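Given next are the chains, with one letter for each unit.
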Amino acid sequence: MQKFDQVTSIPTPFTQVNVDTDIIIPAKHLKTITRTGLGVHAFENIRYGADGALTGEAVFDRAPYTEATILVAGENFGCGSSREHAPWAIADMGYRCIIAPSFADIFASNCVKNGILTITLNTEAVRHLALDGEAEAEITVDLPAETVTAADGTVFNFTYNPVHKEMLVGGLDEIGQTLQDEALITAFEIRQKAAQPWLYNRD
Amino acid sequence: MAKTVFDKIWDAHLVKELGDGVGLVYIDRHLIHEVTSPQAFDGLRAADRQLRRPSAVIAVPDHNVPTKDREKPNPDANSAAQLAALDSNCAAFGIEKIDMFDIRQGIVHVMGPEQGITQPGVTLVCGDSHTSTHGAFGALAFGIGTSEIEHCFATQTLQLKKLKNMRVTVNGRLPFGCSAKDVALAIIGKIGTAGGTGHVIEYAGSTIEDLSMEGRMTLCNMSIEAGARAGLVAPDAKTFAYIKGRTWAPKGMQWDMAVNYWQSLKSDDGAFFDKEVTLDATEIVPLVTWGTSPEDVIAVTGDVPAPESFKDPSKQAAAVSALEYMGLTAGEPMDRVKVDRVFVGSCTNSRIEDMREAAAMIKGRKVNVRIIEAIIVPGSGLVKHQAEEEGLDKIFIDAGFEWRDPGCSMCLAMNPDKAGAGERVASTSNRNFVGRQGPGARTHLVSPAMAVGAAIAGHFVDVRNY
């Protein structure tokens, strides 16, 4: 996975509340057996007309946001279905970071596993950064320092889970990390089997 | 220290503290289906990793399966490819799979409890957000993404941030004409779709105790619509009676051991809840959603709300676009809103009790002529069989409903069951999102009785006097 340190971009302002994962990627595109190529279908109902053609009017398809790597979003972003196709689609569009007042739990957890940083800031800060986006001004996200610097130099501090930070900054594979504790997992299974043998009847 | 049910299950499954509230948590049960698993298997293969514990995994196809003419080739090549990938992946990794033509096949969240896979105190995951359903048995059950599926395949654990505790207490007798679905919608209407974010909800109180296991599943199912990744009910005698004798249930001496353990899964007196909400069940009325978020709930006797009635400007903006999408006008009485399609089914409302509730509303009447299609999709082959034993299928068919084969169906329209643009659906499913039941489709979430009432009248009705 790509290492995450600093990212500078004009952010895409998209601050609608309760954007669910059906909006991010409709269910009909879940019939894929790969992780890539979903970006063209991302936010499809917003970006494409009834005739199925890209209208080019959605914020995602307007310059300079077509080059953006930071998305500024609304409250409860990513609610609904657990589909990881949502962060895959967002990553495939080129985004590496999403800033919002709040995120749905499963979505945020899916993001970190795909190298996408989700930053939670208060509503005023998010509004400030969305306005930067609208003004086509660059902002900078610094994960090691846990700061977002707005175009006017205002610095917003955020906190991010240290375990996840280590993963993103180091570009680490979580499974490899857990497998280092394989002996502990085996020991757990032995203990659990002794206490609750009915959970092991099918082994 | 006094603990909640969630604390107890968490502690019993903690393999290692990873720091900052993140734990390596052991997973006892892993359910998979065709849509969210293929990339996880590919990941295993790419990294040359093994499936750690095949016996803890069970597969069933549900999202893509057609609900009629199943023996014919699947009309959608991509769906067929996903279903075939599930077959070949399960065969390659030694996972038990319930076939599409097996009587046990059904929606994964209906199948799990039916087979006794879902038990109190277990950690249970599935690549589907409605995995919260299984919390009805006092399990810690939650939806996961595909990377987590892969992680669970390889390690039988997940790295999880410990969630907070929230208790929703509902007391009092549920009025006539209302069911668990109305309780779920009432809770979401009260706390909002982000009200439970970061929390596990424990449902408590006399109303919850009085609910059947089916009703508790309906309620826990929609925890995710309140933002909570998991919801649960402390197990009781009703829970144990439901599980006893099922395929995966403990037998003989192990049964007594298990019940003894399960009885300890209650929140201790004085256990701390970060958030507490209470509702009076006697005030609940038959509900219907008017917008495009499950929190957009209103009494069927109410009027479509005006955007300016919301305080928050972003909610006002959301209401304006929701009303436009839904084709509704502020002030319009809900019980005059006409319906085009009716769907009774989904992991929220497709169990035998839901089938009985739906059938009881018919009373010899017919589906209204304006209804394009009214479909009843049982949650599993076993539910279908039971309903047919009780003669419910005849009641539905005589009234003009279609009686289908089990699957997720029109809840998310991944199979051929869809609504057209602008068509209004009375649906017993869980999400009224834009385009969820087909591009442009307008979804209203209701209970099975309300859905059937709308099918007969051709518009929403107050089922208490219909």
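In the block above lies the structure referred to throughout.
Residues numbered from 1 in each chain as written. Chains lettered and ligands numbered in written order. Predicted model: local features only at pLDDT ≥ 70, side-chain atom pairs only at ≥ 80, totals over all residues. Heavy atoms only, no water.

## Observations regarding the packing of aromatic side chains
So, step 1. According to the stated counting rule, one finds 16 aromatic pairs over all chains in the structure shown.
So, step 2. On the numbers, 5.6 Å between centres and 90° between planes, the contact of W255(B) with W262(B) is edge-to-face.
So, step 3. Using a relative accessible area of 9% as the deciding quantity, one classes W255(B) as buried.
So, step 4. Overall, W262(B) belongs to the buried group, its relative accessible area being 0%.
So, step 5. Judged by centre distance (6.1 Å) and plane angle (75°), the rings of F396(B) and F401(B) are edge-to-face.
So, step 6. Classification of F396(B) by relative accessible area gives buried; the value is 0%.
So, step 7. The class for F401(B) is buried, based on a relative accessible area of 4%.
So, step 8. Here the guanidinium or amino end of R53(B) rests over the ring plane of Y200(A), the centre of that ring lying 4.1 Å away. (Phe/Tyr/Trp six-rings, centres within 6.5 Å; stacked < 30°, edge-to-face > 60°. Buried < 20%, exposed > 50% of the residue type's maximum accessible area, 1.4 Å probe, protein only. Lys NZ or Arg CZ within 6 Å of the ring centre and 35° of its normal.)

## A word on the side chain of S447(B)
Residue and element names in this part refer to chain B.
So, step 1. Locating S447 in the fold gives a position in the loop between β19 (442-445) and α15 (448-457).
So, step 2. Relative accessible area serves as the criterion here: at 0%, S447 is assigned to the buried category.
So, step 3. Setting aside residues no more than four positions away along its own chain, S447 makes contact with S179, K181, D182, E357 and T428. (Helix = DSSP H or I, 4+ residues; strand = E, 2+ residues; numbered from the N terminus. Contact = heavy atoms within 4.5 Å.)

## Points about the interface of chain A and chain B
So, step 1. Between chain A and chain B, the contact holds 55 residues from the first and 77 residues from the second.
So, step 2. Across the chain A/chain B interface, buried area totals approximately 5,500 Å², and carbon plus sulfur atoms make up 53% of it.
So, step 3. Area buried by chain A at its contact with chain B is led by K31(A), W198(A) and R202(A), which between them contribute 15% of it.
So, step 4. On the surface where chain A and chain B come into contact, there are ten salt bridges.
So, step 5. Between E148(B) and K113(A) there is a salt bridge whose closest N-O contact spans 3.8 Å. (Buried area = accessible area lost by both parts, 1.4 Å probe. Salt bridge = Lys/Arg side-chain N within 4 Å of Asp/Glu carboxyl O.)

## Examining the sheet that holds strand β1 (residues 14-19) of chain B
Residue and element names in this part refer to chain B.
So, step 1. As summarised here, the arrangement of the three strands in space is β1-β2-β8, forming an open sheet in which the pairing is antiparallel. At either end of the open sheet lies a strand with only one pairing partner, and these are β1 and β8 (157-161). Adjacent strand axes in the sheet meet at a mean angle of 25° when their direction is disregarded.
So, step 2. By the bridge criterion, five bridges tie strand β2 (residues 22-26) to β8 in an arrangement that is antiparallel. Note that in β8 the partner of L24 across the bridge is Q159.
So, step 3. Against the sheet, helix α5 (residues 146-155) engages β2 and β8, with an angle of about 130° to β8. (Pairing = 2+ DSSP bridges. Axes fitted to C-alpha atoms, helices over the stretch in contact; angles between N-to-C directions.)

## Let's talk about the pairing of β19(B)
All names here are of chain B.
So, step 1. Where burial is concerned, the two faces of β19 agree: the one with R442 and H444 and the one with T443 and L445 are both buried.
So, step 2. Bridging between strand β18 (residues 424-427) and β19 involves four bridges; their strand directions are parallel. Within the sheet, the bridge partner assigned to R424 lies in β19 and is R442.

## Some remarks on helix α4 (residues 105-112) of chain A
A turn of α-helix holds 3.6 residues, and therefore any two residues three or four places apart point the same way.
So, step 1. A large share of α4(A) lies buried, amounting to seven of its eight residues.
So, step 2. The set of residues buried in α4(A) consists of I106(A), F107(A), A108(A), S109(A), N110(A), C111(A) and V112(A).

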